[in-house]
Amino acid sequence: MKPTDINDPNYFHKVVDCQWACPAHTPVPEYIRLITEKRYTDAYMVNWHSNVFPGILGRTCDRPCEPACRRGRVEEEPVAICRLKRVAADYKSDIKDRLPSIPKKKNGKHIALIGAGPASLTVARDLLPLGYKITLFEKDHLSGGAMRTQIPRFRLPMEVLDEELNYILNMGIDKVFNNEIKSMEELINQNYDAIFVGTGAPLGKRLELPGFEEAKENIHIGIEWLANVAFEHTDSIGKRVIVLGGGNTAMDCCRTSKRLGGEHVTVAVRSGFDEMKASPWEIEDAINEDIPIVNFHVPKRYILKDSKLVGMEFEKVRKEFDKKGKRLLVPTGEEPVIIPCDDVLCAIGQENSFPWIERDLGIEFDQWELPILDKKTFQSTHKKVFFGGDSALGPDNIITAVAHGHDAALSIHLFCNDTDIEERPSPLTSLQSQKMGIHQWSYENDISNDVRYAVPHADKAKTLNDINLEVELGFDEDLAFNETMRCLNCDIQTVFTDKLCIECDACVDICPTDCITFTANADENQLRNNLLAPATNNEQDIYVSGILPTERIMAKNEDLCLHCGLCAERCPTSAWDMRKYLYNTPKAANA
């Protein structure tokens, strides 16, 4: 193999697994270390630069970073990355003086944003400091999109939501609320320099089974029902409730029902528990609130009595696989299951809807009615029109919408400056030694095992009787500190200087995971197998040095390295160094 090019910005970025897995590429270990030092406001701003909504996401993120966490390779549970983000938000000081200044003199470019959800607000946040005039259109009377309409207040308090939305709304956006755009053609004819569509996936699916027409007044679309609860148009539900679906919306529906009068709330899922799309912690919270989840139940019909909904009939199924490995749901032959109910909430999926975009404008759509986009730039087939969030690629999550917003804002900025939007600026990176002495480091490098700390919850008897009372209390400062100490500082990289190496093998002897090997060079497949601890994860690179005096090379299994620094402490010639790698994705301001 050729020596590793550590100047490639993605090499060490991939090694910081949590940051690599985050759609917005938030520098996770960096803000966790700041929390360790009680520098909460600094930690918040590191987050704000990347993910825009630290307090919101610290409560509601889908946490793609946590399954990637390196701590999960040495014990069962990853670092509570998401909840530490909330710590930064909960304990920060006033940040208004740290927000970017907005030029009074504008740059002459006017951008329209449709929908006031996370993607649009991210675009605004990135473009306003560059002098753009921004007009934001929103059909509701308040901003936030799905963050406001689909996440209950017992998970995301109103004051947290409004605080973080207002940081952006108060930057000088021309806000046009209670205004639903009904014609893209009319908007294009208003000569905006660019238009960004961040309208989400607003259509929930309903389940039209026998009995639907007679019972439809008591059959609700989950996301619409949650929005009505959020805007206080709905404040009650029947005592017996069935929620159809196994995603996060279903979990929010069932928990909200419990607080609005549902005494017997049941979640019915077609698949097995292992196939439920809801986050494990969302399922756990529902179960902790005594909500039964029944799986392998396929709904067959609505049951009526005197033209009134009284229950649903389900067919029990089991999972089988055909010869091609495709999963099948096969009836078990058991008697149908009847579950009594007064109301049914359908949380079985969402769809995009663009009836307001005329089909003769040059904006092309695919077979699923999603816009055809360049997935790097988020530009549609109409060069002035960009999409992001759920409206771009279908239903996903907040952090993905934020990432789309950053990319689209960069594209809009390049487009408005007549620059090739495919030519993206390089990410901002730095690689700095952490030496404080010959073999001392400026970071805590204890890798001892420690269990994940549980987040305290409010009294269930109180939370189930108050829809606005937050269930999770968050870490206090002591628990937060203890949890930060579980972070393995994956952004502190082991950097090898082959000309200083005397091949004494001291680093090999002291490495706790056998991730370092001195061996003859070979092609990648053979070299991976020749390591002391074979590198079986092909998604993670191996670090290869140049040829050493003995004609061997140093090869390090990055997948196993714990960034403990013992190799650098033990090395008598300082061939190993511990260097902090910071990676920030390119933003419009860097172009």
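Above this note sits the structure.
Overview of the structure.

With respect to the packing of helix 4 (residues 40–51) against helix 17 (residues 398–416)
To characterise two packed helices, one gives the angle between the axes of the helices and the distance between these axes. Following both chains from N to C, one finds helix 4 and helix 17 inclined at 70 degrees, their axes separated by 9 Å at the closest point. When the interaxial angle is binned, helix 4 and helix 17 end up roughly perpendicular. Here His49, Ser50 and Asn51 of helix 4 come into contact with helix 17, specifically with Ile399, Val402 and His406. The residue makeup of the contact of helix 4 with helix 17, split by class, is 2 nonpolar, 4 polar and no charged.

A closer look at the packing of helix 8 (residues 118–127) against helix 17
Between helix 8 and helix 17, the least distance of the axes is 7 Å, while the angle of their chain directions is 40 degrees. Taken as axis vectors, helix 8 and helix 17 run oblique relative to one another. The hand of the helix 8/helix 17 crossing is right-handed. For the pair helix 8 and helix 17, contact is made by Pro118, Ala119, Thr122, Val123, Arg125, Asp126 and Leu127 and by Ile398, Ala401, Val402, Gly405, His406, Ala408, Ala409, Ile412 and His413, respectively. Considering only residue class, the contact of helix 8 with helix 17 consists of 10 nonpolar, 4 polar and 2 charged.

Let's talk about the sheet that holds strand 22 (residues 576–584)
By definition, the strands of a sheet pair up through backbone hydrogen bonds, in either a parallel or an antiparallel sense. Within the open sheet, the 3 strands sit side by side as 17-22-18. Their pairing is antiparallel. A strand with exactly one partner marks an edge of an open sheet, and here the two such strands are strand 17 (428–433) and strand 18 (492–496). With strand direction ignored, the average angle separating the axes of adjacent strands in the sheet is 35 degrees. Bridge count between strand 17 and strand 22: 6 bridges; the pairing is antiparallel. Paired with Leu431 across the strands is Tyr581, a residue of strand 22.

Here's the deal with the packing of aromatic side chains
Under the defined criterion, the tally for this structure stands at 13 aromatic pairs. Plain terms: the ring middles of Phe354 and Phe387 are 5.7 Å apart, the flat faces sit at 90 degrees to each other, and that makes the pair edge-to-face. In this pair, Phe354 is assigned in the loop between strand 15 (350–351) and strand 16 (385–387) and Phe387 in strand 16, connecting sequence segments 33 residues apart. Side by side, Phe354 and Phe387 carry an identical accessibility label, which is buried. Counting every residue linked through ring pairs, the aromatic cluster contains Tyr11, Phe12, Tyr543 and Tyr581. Taking the ring centre of Trp281 as reference, the NZ or CZ of Arg63 above it sits at 3.8 Å. A cation over an aromatic ring shows up here: Arg125 above the ring of Trp48, its NZ or CZ 4.2 Å from the ring centre.

What to know about the pairing of strand 10 (residues 297–305)
Bridge count between strand 10 and strand 11 (residues 308–321): 8 bridges; the pairing is antiparallel. Among the inter-strand pairings, Lys305 is bridged to a residue of strand 11, identified as Lys308. Two successive antiparallel strands, strand 10 and strand 11, enclose a turn made up of 2 residues, where Asp306 displays a positive phi of approximately 55 degrees.

Here we look at the side chain of Asn47
Within the secondary structure layout, Asn47 lies in helix 4. Setting aside anything within four residues of it in sequence, one finds Asn47 in contact with Thr26, Tyr31, Val52, Pro54 and Lys85.

Examining the pairing of strand 11
Note that strand 11 and strand 13 (residues 337–340) share 4 bridges and pair antiparallel. Bridging from a neighbouring strand, Glu313 pairs with Ile338 of strand 13. Both strand 11 and strand 12 (residues 327–331) contribute to a ladder of 5 bridges, which runs antiparallel. In the sheet register, Phe321 faces strand 12, and the bridge partner there is Arg327. Connecting strand 11 to the next strand, strand 12, in antiparallel fashion are 5 residues, including Gly325 with a positive phi near 85 degrees.

Focus: the pattern of salt bridges
As enumerated under the stated definition, the model contains 48 salt bridges in all. Across the salt bridge formed by Lys300 and Glu315, the nearest N and O atoms sit 3.9 Å from each other. Here Lys300 is found in strand 10, whereas its partner Glu315 is found in strand 11, with 15 residues between them in sequence. Using a relative accessible area of 37% as the deciding quantity, one classes Lys300 as partly exposed. Across the pair Arg486 and Glu483 runs a salt bridge, and its minimum N-O distance is 2.8 Å. Each member of the salt-bridge network shares a partner with another, and the members are Asp17, Arg70, Arg73 and Asp559.

What counts, and at which threshold
- Residues numbered from 1 in each chain as written.
- Predicted model: local features only at pLDDT ≥ 70, side-chain atom pairs only at ≥ 80, totals over all residues.
- Heavy atoms only, no water.
- Axes fitted to C-alpha atoms, helices over the stretch in contact; angles between N-to-C directions.
- Helix = DSSP H or I, 4+ residues; strand = E, 2+ residues; numbered from the N terminus.
- Parallel < 35°, antiparallel > 145°, perpendicular 65-115°, else oblique.
- Contact = heavy atoms within 4.5 Å.
- Nonpolar A, V, L, I, M, F, W, Y, C, P; charged D, E, K, R; others polar.
- Left-handed = near helix turned anticlockwise from the far one by under 90°.
- Pairing = 2+ DSSP bridges.
- Phe/Tyr/Trp six-rings, centres within 6.5 Å; stacked < 30°, edge-to-face > 60°.
- Buried < 20%, exposed > 50% of the residue type's maximum accessible area, 1.4 Å probe, protein only.
- Lys NZ or Arg CZ within 6 Å of the ring centre and 35° of its normal.
- Salt bridge = Lys/Arg side-chain N within 4 Å of Asp/Glu carboxyl O.

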